[in-house]
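Residues per chain are reported as follows:
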Amino acid sequence: MPLSQLKSGLHFSGKDVQALQADEFANPAQLWLSQGAQAWGQPSAANGRSCASCHGAVATSMKGVATRYPAIDATSGRLFNLEDRINQCTTQQQKRPALQPDSDALLGLTLLVAQASQGMPLQVNINGAAKPHWQKGAALFNQRQGQLNLSCAQCHDQNYGQRLYVDPLSQGQPNGYPVYRLEWQKLGSLERRLRSCYSGIRAELPPWGATEMRQLALYLMWRGEGLPIEVPAVRK
């Protein structure tokens, strides 16, 4: 879709959710931002290194980073999302155990890094080694799956704006993640949201950290190219 037609999930949210996201004091995702900011300066017990000791101020050193993930890791050749990159630094540079998927600790740091790119447009690289991953992500987006035999495209390309029960379907844009969802009562990653969609159509769930989840995320980020990073975001 052309940029003029791209709509953030906030566009399809009710006025109460929009107001909650806009209120800096009431927005519940602020709790995870505070936790992330504390973790950024916390030295590792193993070697005394913190995120800040390597990168300095997050607002400047991480500016633009969240707009370009998922991306190919030059060392391993794997497709990394932002959480993977944070965990790579955690284990290799700070000699700490990896943070658990969708844990508050990992989500807080991810949200903090994403906030440094607030307002900047999504712009992932789908060339070179990333191209096969983008192609597989595109195929997944259009593939019918599960007992309901539905694809992502059927909901979020062909029928966005139509109501599913009482709520309008969004375009499935990824520019607000990690996001606070009222149904979860906590912050959650894009991978968690994709897994929820898989459950909703009664499809087999990939394991946490599966490459196909990163491939689908890469395609979604490319599909939403030009939309600004919108965190801390709130959704129903």
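These numbers come from a predicted model, not from an experiment.

Colleague: Even after reading the chapter, I still don't get the overall build of the protein, so can you show me in this structure?
Modeller: Along its length, the protein carries 10 helices and seven strands. Expected size for 236 residues packed as a compact globule is a radius of gyration near 18 Å; at 17 Å, the protein falls within 12% of this value. Based on the C-alpha atoms only, the size of the protein along its principal axes is roughly 50 × 40 × 30 Å. When each of the 236 residues of the protein is scored for burial, the buried share is 46%. A sequence separation of at least 24 residues applies to 67% of the contacts in the protein between residues at least 6 apart. For the protein, the separation between the mean place of its 23 positive charges and that of its 16 negative charges on side chains is 3 Å.

Colleague: What exactly am I supposed to notice about the sheet that holds strand β7 (residues 233–235) here?
Modeller: What holds strands together in a sheet is hydrogen bonding between their backbones, with the strands either parallel or antiparallel. Strand order across the open sheet formed by three strands is β6-β5-β7, with mixed pairing between neighbours. Two strands bound the open sheet, and with one partner strand each, they are β6 (186–188) and β7. Taken pair by pair, the neighbouring strands of this sheet meet at an average axis angle of 40°, ignoring direction. The sheet contact formed by strand β5 (residues 179–181) and β6 spans three bridges and is antiparallel. Pairing of Tyr180 across the sheet is with Leu187, part of β6.

Colleague: Would you mind going over the nonpolar core with me for this structure?
Modeller: Nonpolar side chains tend to gather and get buried jointly when the protein is soluble and globular. If you look at the biggest cluster of nonpolar residues, it comprises 54 residues, and the most contacted ones within it are Trp40 and Leu216. With sequence-adjacent residues up to four places away left out, Leu216 is seen in contact with Gly137, Leu140, Phe141, Cys152, Leu194 and Tyr198.

Colleague: Whenever I open this one, the packing of aromatic side chains confuses me. Can you help?
Modeller: Aromatic rings in a pair are described by how distant their centres are and how their planes are angled relative to each other. As enumerated under the stated definition, the model contains six aromatic pairs in all. Look at Phe141 and Tyr219: their rings are 5.2 Å apart centre to centre, the planes differ by 45°, and that puts the pair in the tilted class. Residue Phe141 is found in helix α7 (residues 131–142), and its partner Tyr219 is found in helix α10 (residues 211–223); the two are separated by 78 residues along the sequence. Phe141 gets classed as buried once you look at its relative accessible area, which sits at 1%. On the accessibility criterion, Tyr219 (10% relative accessible area) is buried. In this structure, Arg181 is placed above the aromatic ring of Trp184, and the distance from its NZ or CZ to the ring centre is 5.5 Å. Positioned above the aromatic ring of Trp184 is the side chain of Arg192, whose terminal nitrogen or guanidinium carbon lies 4.2 Å from the ring centre.

Colleague: Hey, could you run me through helix α6 (residues 104–115) in this one?
Modeller: The α-helix winds at 3.6 residues per turn, so residues separated by three or four positions along the chain end up facing the same way. Given a rise of 1.5 Å per residue, 12 residues ought to cover 16 Å, and the 16 Å separating the end C-alpha atoms of α6 matches this to within 8%. Buried residues dominate α6, accounting for nine of its 12 residues. Three or more residues of α6 are buried, namely Leu106, Leu107, Gly108, Leu109, Thr110, Leu111, Leu112, Val113 and Ala114. On the buried face of α6, the contacting elements are α2 (30–40), α3 (51–55), α4 (58–61), α5 (82–92) and β6.

Colleague: It is not clear to me how the packing of helix α9 (residues 190–200) against α10 should be interpreted in this structure. Could you clarify?
Modeller: The description of two packed helices rests on the angle between their axes and on the distance between the axes. Two elements in contact, α9 and α10, have axes separated by 10 Å at closest approach and are oriented at 105°. Considering the angle they form, α9 stands roughly perpendicular to α10. Contacts between α9 and α10 involve Leu190, Glu191, Leu194, Arg195 and Tyr198 from the former and Met213, Arg214, Leu216, Ala217 and Leu220 from the latter. When its residues are assigned to classes, the contact of α9 with α10 shows seven nonpolar, no polar and three charged.

Colleague: Where do I start with the environment of Gln94 in this structure?
Modeller: Note on placement: Gln94 falls in the loop between α5 and α6. Take Gln94: its relative accessible area is 5%, and that puts it in the buried class. For the pair Gln94 and Cys51, spaced 43 residues apart in the sequence, the C-alpha separation amounts to 8.4 Å. The residues contacting Gln94, other than those within four sequence positions of it, are Gln42, Ser44, Ala46, Asn47, Arg49, Ser50, Cys51 and Cys89. Separated by 3.2 Å, the side chain of Gln94 and the backbone oxygen of Arg49 make a polar contact.

Colleague: How should the environment of Ala29 be read in this particular structure?
Modeller: Structurally, Ala29 can be placed in the loop between α1 (15–22) and α2. Given the relative accessible area of 0%, Ala29 is considered buried. Taking the C-alpha atoms as reference, Ala29 lies 27 Å from Thr211; in sequence the two are 182 residues apart.

Colleague: Just to check I follow, could you spell out α9 for this structure?
Modeller: The set of residues buried in α9 consists of Leu190, Glu191, Leu194, Arg195 and Tyr198. Axial view of α9: buried residues confined to an arc of 140°, hence all on one face. Against the buried residues of α9 lie α7, β6 and α10.

Criteria and thresholds
- Residues numbered from 1 in each chain as written.
- Predicted model: local features only at pLDDT ≥ 70, side-chain atom pairs only at ≥ 80, totals over all residues.
- Heavy atoms only, no water.
- Helix = DSSP H or I, 4+ residues; strand = E, 2+ residues; numbered from the N terminus.
- Rg over C-alpha atoms; globule rule 2.2 N^0.38 Å.
- Buried < 20%, exposed > 50% of the residue type's maximum accessible area, 1.4 Å probe, protein only.
- Contact = heavy atoms within 4.5 Å.
- Lys, Arg positive; Asp, Glu negative; His and termini not counted.
- Charge placed at Lys NZ, Arg CZ, Asp CG, Glu CD.
- Pairing = 2+ DSSP bridges.
- Axes fitted to C-alpha atoms, helices over the stretch in contact; angles between N-to-C directions.
- Core = buried A, V, L, I, M, F, W, Y, C linked by side-chain atoms within 4.5 Å.
- Phe/Tyr/Trp six-rings, centres within 6.5 Å; stacked < 30°, edge-to-face > 60°.
- Lys NZ or Arg CZ within 6 Å of the ring centre and 35° of its normal.
- Expected span 1.5 Å × (residues − 1).
- Parallel < 35°, antiparallel > 145°, perpendicular 65-115°, else oblique.
- Nonpolar A, V, L, I, M, F, W, Y, C, P; charged D, E, K, R; others polar.
- Polar contact = N/O pair within 3.5 Å; in protein donor to acceptor, adjacent residues only side chain to side chain.
- Arc of directions from axis to C-beta.

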